[in-house]
Amino acid sequence: MTDLATYNFAYLDEQTKRMIRRAILKAISIPGYQVPFASREMPMPYGWGTGGVQVTAAILGPDDVLKVIDQGADDTTNAVSIRAFFQKVANVAVTTKTREATIIQTRHRIPEETLTAGQTLVYQVPIPEPLRFLEPRETETRKMHALEEYGLMHVKLYEDIARNGHIATTYAYPVKVEGRYVMDPSPTPKFDNPKMHMSEALQLFGAGREKRIYAVPPYTEVVSLDFEDHPFEIQHFDKPCALCGAEQVYLDEVILDDKGGRMFVCSDTDHCEDRRAHGHAGHLLAQQEAAE
Amino acid sequence: MATPLVVSEVAKSFTMHLRDGITLPVVSGVSFSVKKGECVVLGGPSGVGKSSILKMLYGNYAVDAGQILIEHQGHLVDLATAVPRAVLEVRRDTLGYVSQFLRVVPRVSALDVVAEPLLARGVAQDEARAKASELLAKLNLPRELWQLPPATFSGGEQQRVNIARGFITDHVILLLDEPTASLDAKNRRVVVEMIAAKKAEGVALLGIFHDEEVRDAVADRILDVSAFSPRKAAA
Amino acid sequence: MSAVPLLKVNDVSKFYGSRIGCRNVSFELWPGEVLAIVGESGSGKTTLLSCLSTRLMPTSGVVEYHMRDGQYRDLARMGEAERRFLMRTDWGFVHQNPADGLRMTVSAGANVGERLMAVGDRHYGNIRATAADWLRRVEIEEDRIDDQPRAFSGGMRQRLQIARNLVTSPRLVFMDEPTGGLDVSVQARLLDLVRGLVHDLGLSAIIVTHDLAVARLLSHRMMVMKDGLVIEQGLTDRVLDDPREPYTQLLVSSILQV
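Quick caveat, the model's predicted, so the values are computed rather than measured. (Residues numbered from 1 in each chain as written. Chains lettered and ligands numbered in written order. Predicted model: local features only at pLDDT ≥ 70, side-chain atom pairs only at ≥ 80, totals over all residues. Heavy atoms only, no water.)

**Digging into the overall build of chain A**
Part 1 of the argument: A tally of helices and strands in chain A yields nine helices and twelve strands.
Part 2 of the argument: The C-alpha atoms of chain A give a radius of gyration of 20 Å, which matches the 19 Å a tight globule of 292 residues would have.
Part 3 of the argument: The principal-axis extents of the C-alpha atoms in chain A amount to approximately 60 × 60 × 35 Å.
Part 4 of the argument: The buried share among the 292 residues of chain A stands at 52%.
Part 5 of the argument: At a minimum sequence separation of 6, the contacts of chain A that also span at least 24 residues come to 60%.
Part 6 of the argument: Accessible surface for chain A amounts to roughly 13700 Å². Of this, 52% is attributable to carbon and sulfur atoms. (Helix = DSSP H or I, 4+ residues; strand = E, 2+ residues; numbered from the N terminus. Rg over C-alpha atoms; globule rule 2.2 N^0.38 Å. Buried < 20%, exposed > 50% of the residue type's maximum accessible area, 1.4 Å probe, protein only. Contact = heavy atoms within 4.5 Å. Areas by Shrake-Rupley, 256 points an atom, 1.4 Å probe, with all protein chains shown as cover.)

Right under this line is the structure:
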């Protein structure tokens, strides 16, 4: 190996990583605050996780074990591509097991298994600004964050209740971090919001197109916004997972045929497989086995 | 006897800037006073400055020189030099004015136009409206008009609304600018009675009355304004 | 009489480069007082209003406000957070164009409720009830509470803007041509409404208008501006019935009689 190759590990030059790491450190110091950074062009289109990839590339070391999920699944195109990408450019170990991973890059989910100290969750974020849909001016939203003027956030929830009788926001549900900054947890379902609260893991958020990085350090208070008479609550599912029988997890609807057949299964594929490996079976799996 | 209104050496002229800045003298050296329970009537030919004197006293016209001393809640206020909010306070509590024409406010009913001076002084709405109804009834304004804005009323009807509005308070000084000009004989008599009642209460009244019958009925003395006319003084 | 003024304006000037916005303006506004600033376009009345309401920084001069804690504060020296808090609690600003003062894509109820939520109100039911009450006070049917102002007429929008401003019981309201652009009949209704609210709430207000009838109806006191200077001021009746300055005489004599 040449000196340069030893010096420069994996993807992104060391100067860029340094810049991104500085942004990350700043973000960790000010939980929930959006730190601007000089987002680079990535070998993938915006919207595919360019922010998350840059954050992962900047923190990844030779000893790390990487897991990548998309909507909870390890086997979708986006997850497979990004995992393969880092395998190639960084030559790091990869896994689908939540508990084995040191870095988990995610799009739209937090794993069901509780994350532990030493793990880092990297979120891919499309629009980092929670106030954006109500206030289009960046100058104004920055000022609102600076001055803690968050009345507008409740206007959005008010509108929800006025229209639907309850808070109908189900994903990208705004949270207040450590009693100070209001933050968009990226388009994760609000089901996952409570998992962010006092998590042992470090949570990093990268928005490539919008050039922002923000963070929730371990053991940080993350509170979902709500009204006294309309408190925050997560989604509830009527049935357990059709494959592994898990309850209290986030389920995806899967269409089975063109006659209205459908099933609800864990969105977290690793969690589901793990449970089945341990002998749990949902009603659909039990039927199949009975048929065989 | 107490004298709530003293006018001393007041002068007034208009400078017409749109007509090459010519100056029209109106009155000068106006000095008189009105005692409690007295009704003084300003006399003299039209154009001699009677209305201008009333308007200066009420603060609508600025005063070039002199003093207008009003006894307001135990102390003297010089309206010739008072700041706007002092003038407004004197108007609210001490100095009433029945103008020749009613200035109507869109959408406000006749009853509320009359009740307003009481509301401004913090009287409850029910009480103010009751008092207003009493006055409008006394002045024979048809009851079906009470809830309507007076903009479309006849001259006589508007004037009665205006009189009721001026008489509703217990102001100790009342200025009257031809309050009976467009009234019929019956309503003129009502107004004469109302003025007599105010006098009995100790109100100091200063008015302009062209109708001789009314003037003779209410006036304690007549002040000839031509004496203050600068044209006469110059002659 | 209240013992102290609400707003003290001392020698305020605003220059745009070498051009004069307004010059050497001084006055005091007292609690419950409505002041009209009149003058033609370009006379500096809107510049002055902006300087008073901290939307513009004066080039020189001082504007002091009597805070609820009894202290006078120099508005130019106030921190931005505090100034913005003041603007959405103790002050109101009614724009000529309601779209500038409303959120056009959120419901009428949320438009009124926003200030409440901004000061920490977190009970949906209470916020909605207060909003409904204010809609009633500005004569908007309660069943329009979930409609967006986009669906409202000009007069309704303006009334909604007023409700949105008054919901936190401000002590001072700035109005920039509040009746501009409205039909005459709609204007009359709005004027009557504003007049009633100012009286009932004991508001102080500074109203910029070029319409002398609006000034006559709403204000106690008025200032006439020309070329950035206040050329005449006093009791509204006095200025309109006995104008002294050439320009004021021209202005008053130019009113169309109906």
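**Brief notes about the environment of A:His145**
All names here are of chain A.
Part 1 of the argument: Along the chain, His145 falls in helix 5 (residues 138-146).
Part 2 of the argument: Under the relative-accessibility criterion, His145 is labelled buried at 7%.
Part 3 of the argument: Considering only alpha carbons, one finds His145 and Glu129, 16 residues apart in sequence, at a separation of 10.0 Å.
Part 4 of the argument: Sequence-distant contacts of His145, that is, excluding residues within four places in its chain, are made with Gln34, Glu129, Pro130, Leu131, Tyr150, Arg180, Tyr181 and Val182.
Part 5 of the argument: Among the polar contacts made by the side chain of His145, one reaches the side chain of Tyr150 at a distance of 2.8 Å. (Polar contact = N/O pair within 3.5 Å; in protein donor to acceptor, adjacent residues only side chain to side chain.)

**Section: the UniProt feature "domain: ABC transporter" (unreviewed entry) in chain C**
Part 1 of the argument: Here the UniProt-annotated "domain: ABC transporter" (unreviewed entry) positions come out as residues 7-252 of chain C.
Part 2 of the argument: Along residues 7-252 of chain C the backbone is 40% helical and 26% strand, and the end-to-end C-alpha distance reaches 28 Å. (UniProt positions renumbered as here; feature names shortened; annotations may be inferred.)

**Some details on the sheet that holds strand 4 (residues 103-107) of chain A**
All names here are of chain A.
Part 1 of the argument: With mixed pairing, seven strands are arranged side by side in an open sheet as 1-9-8-5-4-2-3. Lying at the two open borders of the sheet, with one neighbouring strand each, are strand 1 (35-36) and strand 3 (93-94).
Part 2 of the argument: Summarising the sheet, strand 2 (residues 65-70) and strand 3 pair through two bridges and their orientation is parallel. If you follow Val65 over to strand 3, its bridge partner there is Ala93.
Part 3 of the argument: Strand contacts of helix 2 (residues 14-29): strand 1, strand 8 (202-207) and strand 9 (212-216), with the helix running at about 45 degrees to strand 9, the strand carrying the most contacts.
Part 4 of the argument: Together, strand 2, strand 3, strand 4 and strand 5 (120-124) form the strand contacts of helix 4 (residues 77-90), whose direction differs from that of strand 2 by roughly 160 degrees. (Pairing = 2+ DSSP bridges. Axes fitted to C-alpha atoms, helices over the stretch in contact; angles between N-to-C directions.)

**Some thoughts on unusual backbone geometry**
Part 1 of the argument: Positive phi, normally seen in glycine, also occurs at A:Tyr219, with a value near 55 degrees.
Part 2 of the argument: Here A:Tyr219 shows up in the loop between strand 9 and strand 10 (222-224).
Part 3 of the argument: Although it is not a glycine, B:Gln73 adopts a positive phi angle of roughly 50 degrees.
Part 4 of the argument: Classification of B:Gln73 as exposed rests on a relative accessible area of 56%.

**Overview of the pattern of salt bridges**
Part 1 of the argument: Across all of its chains, the model carries 53 salt bridges over all chains by this definition.
Part 2 of the argument: The residue A:Arg212 makes a salt bridge to A:Glu138 at a minimum N-O spacing of 3.1 Å. Taken together, the positions of A:Arg212 in strand 9 and A:Glu138 in helix 5 put the pair 74 residues apart, joining distant regions of the chain.
Part 3 of the argument: Classification of A:Glu138 as partly exposed rests on a relative accessible area of 27%.
Part 4 of the argument: One salt-bridge network, held together by shared partners, links A:Glu135, A:Arg137, C:Arg103, C:Glu114 and C:Arg164. (Salt bridge = Lys/Arg side-chain N within 4 Å of Asp/Glu carboxyl O.)

**Observations regarding the domain arrangement of chain A**
How big an interface is tends to be reported as the loss of accessible area on association of its parts.
Residues and elements named next belong to chain A.
Part 1 of the argument: Each assigned domain of chain A is listed here: domain 1 (3-224) and domain 2 (251-291).
Part 2 of the argument: Inter-centroid distance (C-alpha atoms) of domain 1 to domain 2 is 29 Å.
Part 3 of the argument: Across the contact, 14 residues belong to domain 1 and seven residues belong to domain 2.
Part 4 of the argument: At the boundary of domain 1 with domain 2, total buried surface from both sides reaches about 780 Å², with 29% on carbon and sulfur atoms.
Part 5 of the argument: When the buried surface of domain 1 facing domain 2 is broken down by residue, Gly72, Lys97 and Glu112 rank first, second and third, together holding 40% of it.
Part 6 of the argument: Salt-bridge contacts for Lys97 lead to Asp270; the nearest nitrogen and oxygen are separated by 3.5 Å. (Domains from an automatic or database assignment. Buried area = accessible area lost by both parts, 1.4 Å probe.)

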